[in-house]
Amino acid sequence: MSADRHGHTHRLDLADATVREWDATVVAADPEQGIVLDRSAFYPGGGGQPPDEGVLLWGGVRTRIAGTRKGDELYLIPVEGDPVPPPGTAVRGALDDERRTALMRTHSGLHVLTGVVLRDFGAKVTGGNMEPLTARMDFDLAEVPADFKDRVAEAVNAEITADRPIRVRTLPRDEAYAIPDLIRTATDLLPPDIEQVRIVDIVGLDLQADGGTHVASTAMVGRVEVVKMENKGRGFRRLRIRVV
């Protein structure tokens, strides 16, 4: 299977994170399993980034999509009670633009954060999660200076202001793993059967394996506020951020 497909679905979100509306055909549909399209820009969730929400428009009908489920196919989950288009139906897909854009800004902001903390403090990620414009990231960092939170916030926003390009490409697994510090988590979570590795490069700051959606440059993130630092024990430090 090619890197830009999931089952029968061509993943438009992997090629172009700016796509918000597109035409598609229903491949399979079931009120319980979900709806499978031949083309979809819905990000299915993963790596801490939640799935997209949106709608399918067909024959004057609107089907709201509440999320997705990954299995042998990429299933779009309709809101309970909404009509399900039968296989073969031509549909117009549309994402919730405000939600997707907020998640892209947040995700890119987290990559700036991980790049700064690795560069300045040598710490890798042990966990994380995000919602639109708010997130947390955990780091394996035994010792931190008293002004750690303020130093991180200053450095992160300096990198955002630098307007660094954010580029996405795919490399063969062996070539990707030859890149130092490609895996930013303390434990390598990349499935062993992945032959093509998707790389997100914040030019001059951060280069890592990642499957999510991102803005085109750091300036598009906005501004990151480091709201709180928590000590989670055994050297694990949690930073909570807000994107404004």
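This text follows the structure it describes.
Being a predicted model, the structure only gives us computed values, none of them experimental. (Residues numbered from 1 in each chain as written. Predicted model: local features only at pLDDT ≥ 70, side-chain atom pairs only at ≥ 80, totals over all residues. Heavy atoms only, no water.)

**Student:** Tell me about the environment of Leu12, and name the residues and values.
**Tutor:** Looking at the element boundaries, Leu12 is found in helix 1 (residues 12–15). Judged by relative accessible area, which is 11%, Leu12 ranks as buried. For the pair Leu12 and Arg39, spaced 27 residues apart in sequence, the C-alpha separation works out to 6.7 Å. In this view, Leu12 contacts Trp22, Arg39, Ser40 and Ala41; residues no more than four positions away in its chain are not counted. (Helix = DSSP H or I, 4+ residues; strand = E, 2+ residues; numbered from the N terminus. Buried < 20%, exposed > 50% of the residue type's maximum accessible area, 1.4 Å probe, protein only. Contact = heavy atoms within 4.5 Å.)

**Student:** Any chance you could break down the sheet that holds strand 2 (residues 9–11) for me, citing the residues and the numbers?
**Tutor:** Strand pairing within a sheet occurs via backbone hydrogen bonds; the two strands may be parallel or antiparallel. Strand order across the open sheet formed by three strands is 1-2-5, with mixed pairing between neighbours. The open sheet terminates on both sides in strands that have one partner only, identified here as strand 1 (5–6) and strand 5 (39–40). Relative to strand 2, strand 1 runs antiparallel, the two sharing two bridges. Pairing of His6 across the sheet is with Thr9, part of strand 2. (Pairing = 2+ DSSP bridges.)

**Student:** An account of unusual backbone geometry is needed here, citing residue identities and associated values.
**Tutor:** Look at Leu133: it is not a glycine, yet its phi comes out positive at around 70°. Here Leu133 is to be found in the loop between strand 10 (125–131) and strand 11 (134–140). Of note, the phi angle at Asp163 is positive, near 55°, even though the residue is not glycine. Looking at where Asp163 falls in the secondary structure, it is placed in the loop between helix 3 (148–161) and strand 12 (166–172).

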